[in-house]
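# Report on the structure
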Amino acid sequence: QKLQDRPRTGDLSYEMNAGDLRENLRSIRNGKFFSDFMMVAVHAHQNSYEFQRYSFDNAVPDFLVEFAHAAIDNGADVFLGQGVHTLRGIEIYKGKPIFYGLSNFAFYMNSPVGGEQANPPGDLTRAERNQANVDRLLLSHPDNMEALLAVSRFERGRLVEIRVHPADVGKGYRPISRIGIPITPTPEVARDILEKVQRLSKPFGTNITIENGVGVIRVAPSQTSTAGGQ
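Report on the accompanying structure. (Residues numbered from 1 in each chain as written. Predicted model: local features only at pLDDT ≥ 70, side-chain atom pairs only at ≥ 80, totals over all residues. Heavy atoms only, no water.)

### Quick notes on the pattern of salt bridges
- In this structure the tally under the stated criterion is 12 salt bridges.
- The closest approach of N and O atoms between D73 and K94, which form a salt bridge, is 2.8 Å. Of this pair, D73 sits in helix α2 (residues 62-73) while K94 sits in the loop between β3 (90-93) and β4 (96-99), and the two are 21 residues apart along the sequence.
- Here D73 falls in the partly exposed class, since its relative accessible area comes to 43%.
- In this structure K94 comes out as partly exposed when scored by relative accessible area, which is 26%. (Salt bridge = Lys/Arg side-chain N within 4 Å of Asp/Glu carboxyl O. Helix = DSSP H or I, 4+ residues; strand = E, 2+ residues; numbered from the N terminus. Buried < 20%, exposed > 50% of the residue type's maximum accessible area, 1.4 Å probe, protein only.)

Written out as structure tokens, the structure is:
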């Protein structure tokens, strides 16, 4: 075992419930039996490191890799990860795409928690008070305001290309009327998001090129081998 592969203080590891895993995989096989194309999505936001704040982790927890691979082994054509409020890497496994974390497309968490006071002080309107008190959940960090729209192209059942479109869900200040609305990012923000996805996907052997503000993954025929992923 390599030194860098050994558990370190603060690392988190998860073991899936064997019964839950068995029944989830049974459902995937059953779904594939009744369909030509099977997509599996999971809502999961477990962190990989103890020191990370909740839902602020770009690393993929070990169980999610295990589950994604098992889902594809049991018939899934695409695996989609959501729940964590940050981006995670992309893997091509046995010729099938795995998106470990697409982040939030429509995100309205930077609004205040709880109801209005019965007799709020001052002469501000409700909207003005909300604008002054946004983000009590502390989730309006710039990392939580990035998202991906992925388009996977198949030819005769084989994955040949993925195009990754970055989305800006609220990086920087926005008036309350526009909070949480996804928009096309500026060229600078688009490159920042895509370069992050490049870095996060590299450990999975995934090569992403950036072309005109879009991330492009081209899948060679050899990468569809059942022997493994990229």
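### Structural notes on helix α4 (residues 187-201)
- Taking 1.5 Å of rise per residue, the 15 residues of α4 would be expected to cover 21 Å, and the 21 Å separating its terminal C-alpha atoms lies within 8% of that figure.
- Within the span of α4, buried status applies to V189, A190, I193, L194, K196, V197, L200 and S201. Angular distribution of buried residues about the axis of α4 spans 150°; they occupy a single face of the element. In α4, those exposed residues whose orientation departs by more than 90 degrees from the buried face are P187, E188 and R199.
- Against the buried residues of α4 lie β3, β5 (146-155), β6 (158-168), β7 (209-211) and β8 (214-218). (Expected span 1.5 Å × (residues − 1). Arc of directions from axis to C-beta. Contact = heavy atoms within 4.5 Å.)

### Here's the deal with the packing of aromatic side chains
- Considering all chains together, one arrives at five aromatic pairs under this definition.
- Ring plane angle 85° and centroid distance 5.2 Å describe the contact between F37 and F154, whose orientation is recorded as edge-to-face. Taken together, the positions of F37 in the loop between α1 (18-33) and β1 (39-44) and F154 in strand β5 put the pair 117 residues apart, joining distant regions of the chain.
- The exposure class assigned to F37 is partly exposed, which follows from its relative accessible area of 40%.
- By relative accessible area, which is 24% here, F154 ends up partly exposed.
- Here the aromatic rings of F67 and F79 are separated by 5.7 Å at their centres, their planes lie at 85°, and the arrangement is edge-to-face. Residue F67 is located in helix α2, and its partner F79 is located in strand β2 (residues 78-83); the two are separated by 12 residues in the primary sequence. The two residues F67 and F79 agree in class, both being buried. (Phe/Tyr/Trp six-rings, centres within 6.5 Å; stacked < 30°, edge-to-face > 60°.)

In short, geometric facts, not functional conclusions.
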